[in-house]
Amino acid sequence: MRKRKQKRALAGEIAEAIRSGGYRGGEWLRQIDLEEKFSATRFDVRAALDELVVLKAIEHVPNRGYRVAEIDTATLRHIRETRVVMETAAVPNIVAAVDAPTLARLRDLAEQFSAAAREGTRADQSRVNSEFHHLMYHLSGNPVMEEMIWNLRDRSRGSNVTVWISHEALLRSDRDHHAMLEALEARDAARLTELISGHILRNDP
C-alpha cells in the first residue's frame, strides 16, 4: 500500500539510492517505478523529484521527465574543492563536541564498514559509509552546514564516477575511517583536516 511521505524524507531515500549506485548518471527516473520502489504516492514522488532538481542531484527535461544529473569533469572538480572547504571547516566543532559514546558509535560503524568492504554488498557499504559520515558531521552542531555538505555529496553522484572506482579505493576508504577515528580520539584537528581533504580529493565517498 502506498502512503504519504514527507517530501524531504522521500527525496533523501531517492538520493541515497543514487548515491549507492542504484541509478546511474543520465538514467531516466520513471515516476511509476519510484512509486512502487519507495511505496509512495504519485504526488509525493513528484514533490521529492522537484526537491532533488533544486539540489541539482537530478534534472528535469521538459516533455521528457527526470533523469540523474550528469556532472562534467570541471564541475565535479569544483564540487570537490567546495567540499574540502565546507567539510574541513566543520573540523574544530567536531573535535570539540565528540564524546565517548559518539566515539564508540563511530568505532562500531568503522568496524561495520570494514566487514562490508570484505564481504558486504555495495548497498551495505554505501549505507554504513553514509551513517559514519552523517554522525561525524552532525557533531558540527551546524545543521545548515551539515545540509550543504550532504547536498554537495549527493550532487557529485551525477558524475560518471562510481561510488568507489576500484576495490583499492574501497579499502582506502576503510583505512581512512579508522584513521579519522584515531584523530578524533586524539583530538587532533590538524590530522583530521588532512584526512578529510585527502579523502575528498581522491574521490573517496
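Our subject is the structure listed above.
Model, not experiment: these values are computed from the prediction.

Turning our eyes to something else, we now look at the pairing of strand S3 (residues 65-68). With 2 bridges connecting them, strand S1 (residues 28-29) and S3 associate as antiparallel partners. Residue pairing for S3: Trp28 is matched across the bridge by Arg67. Relative to S3, strand S2 (residues 58-61) runs antiparallel, the two being bridged by 4 bridges. Across the sheet, residue Ile58 finds its bridge partner in S3, namely Val68. In textbook terms, the turn of a hairpin is the stretch between consecutive antiparallel strands, and for S2 and S3 this stretch comprises 3 residues, one of which, Asn63, has a positive phi near 65°.

A separate point is the sheet that holds S1. Spatially, the 3 strands line up as an open sheet ordered S1-S3-S2, and their pairing is antiparallel. Whereas interior strands pair on both sides, the edge strands pair on one side only; in this sheet they are S1 and S2. In the packing of helix H3 (residues 42-54) onto the sheet, the strands contacted are S1, S2 and S3, and the crossing angle to S2 comes to about 110°.

Time to look at the nonpolar core. Ile94, Met136, Tyr137, Leu184, Leu192 and Ile196 are the most contacted members of the largest nonpolar core, which totals 38 residues. Sorting the residues of this core by element identifies helix H4 (73-89), helix H5 (91-97), helix H6 (100-119), helix H7 (122-138), helix H8 (143-155), helix H9 (167-185) and helix H10 (189-201) as the ones contributing at least two each. Ranked by residue count, the leading element in this core is H9, at 7 residues. Those residues in contact with Ile196, other than ones at most four positions away along the chain, are Glu87, Thr88, Val91, Met136, Tyr137 and Met180. Ile14, Phe38, Ala40 and Leu49 belong to the second largest nonpolar core, which has 19 residues in total.

This part covers the pattern of salt bridges. Pairing between side chains of opposite charge can happen when their charged atoms approach one another. One pass over the structure, following the stated rule, counts 15 salt bridges. A salt bridge links Arg42 to Glu35; the nearest nitrogen and oxygen atoms lie 3.6 Å apart. Looking at Arg42, the relative accessible area reads 56%, which means it is exposed. Here the salt bridges do not stand alone but share partners, grouping Arg105, Asp108, Arg127 and Glu131 into one network.

What counts and how
- Numbers given to residues run from 1 along each chain, matching the order in which its sequence is written.
- Per-residue local features of the predicted model are confined to residues with pLDDT of at least 70, and side-chain atom pairs are confined, for both listing and counting, to 80 or more; whole-chain, interface and lining totals are unaffected and use all residues.
- Side-chain numbers come from the whole structure's heavy atoms, not from hydrogens or water.
- Two strands form a pair only when DSSP identifies at least two bridges running between them.
- A run of H or I in DSSP counts as a helix once it spans at least four residues, and a run of E counts as a strand once it spans at least two, with each numbered from the N terminus.
- Contact between two residues is taken to exist if any of their heavy atoms lie within 4.5 Å; hydrogens are not considered.
- Between N-to-C directions, angles cover 0 to 180 degrees, with each direction set by a line fitted to C-alpha atoms, over the stretch in contact for helices.
- We call a set of buried residues a nonpolar core when its members are Ala, Val, Leu, Ile, Met, Phe, Trp, Tyr or Cys and they connect through side-chain atoms within 4.5 Å of each other.
- Think of it in three bands: with a 1.4 Å probe and only protein chains considered, a residue is buried below 20% of the maximum accessible area for its type, exposed above 50%, and partly exposed in between.
- Whenever a carboxyl oxygen of Asp or Glu lies within 4 Å of a side-chain nitrogen of Lys or Arg, that contact is scored as a salt bridge.

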